[in-house]
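# Structure at a glance
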Amino acid sequence: MRSVKVHLADHRDYPIVIGQNRLQELPLFLDQCLQQKEKKRRAVLVFVDEKVKSQGFELINILSGRGFEIHSMIIPSGESSKSLAQLSTIYDFCAEKSLTRQTVVITLGGGVVGDLGGFVAATYNRGMDFIQIPTTLLAMVDSSVGGKVGINHSGGKNLIGAFHQPRGVWIDLNYLETLPQREFLSGLAEVVKYGVILDESFFVYLEKNSQSIIAKENNILQDIIQRSCELKAEVVKNDEHELTGLRMILNYGHTFAHAFETISNYGELLHGEAVSIGMIVASRFAQMRGYISEEVTQRQIRLLQTFNLPVKPKKEWETDQLIRIMKRDKKSTVGQLRLILPTRIGEVKLFSDIEEREVKEVLQVR
Ligand SMILES: NC(=O)c1ccc[n+]([C@@H]2O[C@H](COP(=O)([O-])OP(=O)(O)OC[C@H]3O[C@@H](n4cnc5c(N)ncnc54)[C@H](O)[C@@H]3O)[C@@H](O)[C@H]2O)c1
Ligand SMILES: [Zn+2]
């Protein structure tokens with residue numbers, strides 16, 4: 001299996017392993033990730049997204065065959081599970097089963113189950129160890145790396161959360177087999193993002209191998225997941241708690257994307273689709289300011305379109321409303337718009353001098 005190490009201070013380094021058909025080796029991986037602690041700690045709490053219920057049973061079978069004491073909960077699929085109500089149900093379950101801090105949380109699902117289960121691990125009994133087993137491409141390349149966990153609140157998405165790093169991340173390509181193609185393609189938007197913000201040669205690799213990626217060729221998929229994890233891990237290592245601003249580069253395209261998701265009520269667009277449009281709008285912005293040539297934007301458009309991703313804001317989205325939403329975004333400080341803009345393929349910078357009229361102008365291109 002391939003392995004990427006996430007380096008963190010205070011001996012909290014952890015491995016991300018990537019492979020296929022290796023479920024039998026999971027108990028060993030758990031032992032390795034949790035080795036510092038006493039051997040007898042074998043109780044696990046498994047959160048399973050309802051769409052991967054059968055894979056959940058398979059996992060539980062393997063663990064119970066190896067002596068783990070299993071507690072499990074099926075989590076309804078979808079963003080609405082990242083709620084206080086769901087969290088409360090889970091805490092009730094933990095208390096009722098008298099789970100202790102020694103219980104290890106395992107999340108099997110996409111970003112929703114990872115964020116929710118991770119937050120339980122961060123808070124119940126002042127913190128438990130946890131292992132992420134991502135089952136969507138987005139979770140494999142993004143949400144399971146970096147330790148951000150949390151739930152939503154009516155006042156904002158991910159408003160209640162913590163930094164709580166997993167002890168290990170286990171990526172098995174088999175899980176992608178049942179993932180709807182649209183979800184898979186949406187995850188690719190974040191993969192393209194890594195190329196634009198940090199690594200031109202990775203971007204070129206994506207251009208060259210786009211057809212094999214769509215065909216889900218095993219080795220190529222492992223390559224892109226590995227490279228994405230490496231790139232994100234490097235950013236997280238250097239700015240774990242989002243203090244220096246470095247981690248903000250991961251938000252390329254996201255200020256626009258959040259506005260698109262909000263204006264369309266989180267209904268019609270998947271996150272990666274919104275990010276895809278957002279990256280192109282941001283790229284156009286950079287072009288407007290003369291930071292990059294048209295070709296830099298065009299290359300991104302071509303690649304994203306190969307992955308069947310949208311690249312233009314919808315005509316019915318009202319510009320003024322989008323701007324209002326963007327100003328409310330928690331990443332913009334007191335109403336001042338800030339944007340991550342590309343300066344070439346492979347490099348982005350944070351700009352804090354963003355004028356509303358410029359945003360307006362760039363949003364008119366549809
Ligand atoms: N923590 C972070 O750093 C971070 C980063 C990015 C996104 N996120 C969060 O991640 C969430 C989005 O994650 P996501 O895109 O994985 O969404 P998701 O978890 O909602 O999964 C998408 C859909 O796919 C289904 N599904 C999951 N795995 C499947 C499989 N193998 N086969 C069939 N169906 C499957 C789910 O039930 C769901 O319907 C958001 O809540 C977002 O805030 C967190
Ligand atoms: Zn994202």
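From a predicted model like this one, the values you see are computed outputs, not experimental measurements.

Moving on, we get to the packing of helix α10 (residues 254-263) against helix α11 (residues 271-288). Direction vectors running N to C along α10 and α11 enclose 130°, while the axes themselves pass 7 Å from each other. It follows that α10 is oblique to α11 by the angle criterion. α11 is crossed by α10, and the crossing has right-handed handedness. Contacts from H254, F256, A257, H258, F260 and E261 in α10 reach H271, A274, V275, I277, G278, V281 and A282 in α11. Its residues assigned to classes, the contact of α10 with α11 comprises eight nonpolar, four polar and one charged.

This paragraph deals with the domain arrangement of the chain. Taken domain by domain, the chain comprises domain 1 (2-178) and domain 2 (181-364). Distance between the C-alpha centres of domain 1 and domain 2: 27 Å. On the side of domain 2, 29 residues touch domain 1, which itself brings 26 residues to the contact. With both sides pooled, the region where domain 1 packs onto domain 2 buries about 2500 Å², and carbon together with sulfur makes up 63% of that total. Three residues stand out in domain 1 for area buried against domain 2, namely R2, L137 and V141, and they jointly supply 25% of the buried area on that side. Here domain 1 and domain 2 share four salt bridges between them. Note that E242 is salt-bridged to K148, the shortest N-O span being 2.8 Å.

Moving on, we come to the packing of aromatic side chains. This model, assessed by the stated rule, comprises five aromatic pairs. Centre to centre, the rings of F29 and W170 are 5.2 Å apart; their planes meet at 50°, and the pair counts as tilted. Linking F29 in helix α1 (residues 26-33) with W170 in strand β9 (residues 168-172), this pair joins segments that are 141 residues apart in sequence. The same class applies to F29 and to W170, which are both buried. Each member of the aromatic cluster is reached from another via a ring pair, and the members are F256, F260 and W317. Between R42 and the ring centre of F68, over which it is positioned, the NZ or CZ distance is 4.2 Å.

Four donors placed tetrahedrally around a metal ideally meet at 109.5 degrees, and six donors placed octahedrally ideally meet at 90 or 180 degrees. Taken together, the protein ligands of the zinc ion (ligand 2) are E190 (OE), H254 (NE2) and H271 (NE2), with distances of 1.9 to 2.1 Å. One chain supplies every donor to the zinc ion (ligand 2), and in sequence these donors are spaced E-x63-H-x16-H. Here the residue E190 occupies a position in helix α6 (residues 181-198), and H254 occupies one in helix α10, the gap between them amounting to 64 residues.

For the rest of this paragraph, the subject is the pairing of strand β2 (residues 14-19). A large share of β2 lies buried, amounting to six of its six residues. Side-chain alternation along β2 places Y14, I16 and I18 on one buried face and P15, V17 and G19 on a second face that is also buried. As paired elements, strand β1 (residues 2-6) and β2 share five bridges and run antiparallel to each other. When the sheet's bridge partners are listed, V4 is paired in β2 with I16. Looking at chain direction, β2 and β9 are connected through four bridges and run parallel. When the sheet's bridge partners are listed, I16 is paired in β9 with V169.

Time to look at the site of ligand 1. The environment of ligand 1 is made up of 24 residues, and the closest members are G111, T135, T136, K157 and T178. In this structure, an oxygen atom belonging to ligand 1 sits 2.8 Å away from a side-chain N or O atom of E79. Contact with the protein chains removes 88% of the 860 Å² of surface that ligand 1 exposes when unbound. Listing elements by their share of the shell around ligand 1, those giving two or more residues are α4 (111-123), α5 (137-143) and β8 (156-163). Split by residue class, the shell around ligand 1 holds six nonpolar, eight polar and 10 charged.

Positioned with a positive phi, N125 is a non-glycine residue whose angle comes to about 55°. Within the element layout of this structure, N125 appears in the loop between α4 and β6 (130-134). Although it is not a glycine, E242 sits at a positive phi angle of roughly 55°. Among the secondary structure elements, E242 is positioned in the loop between α9 (218-238) and α10. Owing to a relative accessible area of 27%, E242 belongs among the partly exposed residues under this scheme.

Let us look at the side chain of Q300. Here Q300 lies in helix α12 (residues 294-306). Beyond its immediate sequence surroundings of up to four residues, Q300 is in contact with V196, F203, Y252, M279, I280, S283 and I345.

To continue, consider α11. Its 18 residues place the ends of α11 25 Å apart at the C-alpha level, agreeing with the 26 Å of an ideal helix rising 1.5 Å per residue. Here α11 lies mainly inside the structure; 14 of its 18 residues are buried.

This paragraph deals with the sheet that holds strand β5 (residues 104-109). Pairing is mixed in the open sheet, where seven strands are placed in the order β1-β2-β9-β6-β5-β3-β4. Each edge of the sheet is formed by a strand with only one pairing partner; in this case those strands are β1 and β4 (69-75). Averaged over all neighbouring strand pairs, the angle between strand axes comes to 15°, with direction disregarded. Strands in contact with α1 are β2, β5, β6 and β9; relative to β9, the strand with the most contacts, it is inclined by about 160°. Packed on one face of the sheet, helix α2 (residues 53-65) meets β3 (43-49), β4, β5 and β6 and runs near 165° to β3.

Conventions adopted
Residue positions are counted from 1 within each chain, in the order its sequence is given. For this description, chains carry letters from A and ligands carry numbers from 1, given in the order in which they are written. Per-residue local features of the predicted model are confined to residues with pLDDT of at least 70, and side-chain atom pairs are confined, for both listing and counting, to 80 or more; whole-chain, interface and lining totals are unaffected and use all residues. The side-chain figures draw on all heavy atoms in the structure; neither hydrogens nor water molecules are used. Note on method: axes are straight lines fitted to C-alpha atoms, helices fitted across the in-contact stretch only, with angles between N-to-C directions ranging 0 to 180 degrees. Numbering of helices and strands starts at the N terminus; helices are DSSP runs of H or I of at least 4 residues and strands are runs of E of at least 2. Each angle is binned into one of four classes, with values under 35 degrees roughly parallel, values over 145 roughly antiparallel, values of 65 to 115 roughly perpendicular, and all other values oblique. Two helices crossing with the near one rotated counterclockwise from the far one by less than a right angle form a left-handed crossing, whereas a clockwise rotation gives a right-handed crossing. The contact rule is simple, with two residues in contact once any of their heavy atoms fall within 4.5 Å. Classes in brief: Ala, Val, Leu, Ile, Met, Phe, Trp, Tyr, Cys and Pro nonpolar; Asp, Glu, Lys and Arg charged; the others, Gly included, polar. Residue ranges for the domains trace back to a domain assignment, done automatically or taken from a database. Throughout, buried area stands for the accessible area (probe radius 1.4 Å) lost by two parts on being put together, summed over both. One side-chain nitrogen of Lys or Arg within 4 Å of one carboxyl oxygen of Asp or Glu is enough to make a salt bridge. Only the six-membered ring of Trp is used, alongside the rings of Phe and Tyr, when aromatic pairs are assigned; centres must lie within 6.5 Å, and planes under 30 degrees apart are stacked while those over 60 apart are edge-to-face, with the rest tilted. Accessibility here uses a 1.4 Å probe with only protein chains present; expressed as a share of the type maximum, an area under 20% marks a residue as buried, one over 50% as exposed, and anything in between as partly exposed. Two conditions define a charge located above a ring, namely a distance within 6 Å from the ring centre to NZ of Lys or CZ of Arg, and an angle within 35 degrees of the ring normal. Because no water is among the atoms considered, metal sites can look incomplete, with donors defined as N, O and S atoms within 2.8 Å of the metal, or 3.2 Å for Na, K and Ca. By the convention used here, strands pair only if DSSP detects at least 2 bridges between them. We call a residue near a molecule or strand whenever a single non-hydrogen atom of that residue lies within 4 Å of it. In the analysis that follows, any N or O atom pair within 3.5 Å is treated as a polar contact, provided that within protein one partner can donate a hydrogen and the other can accept it, and provided that, for residues neighboring in sequence, both atoms belong to side chains. Per-residue and other accessible areas were derived by the Shrake-Rupley procedure at a 1.4 Å probe size, with only the shown protein chains allowed to occlude residues. Expected helix span is taken as 1.5 Å per residue step, with the number of steps being one fewer than the number of residues.

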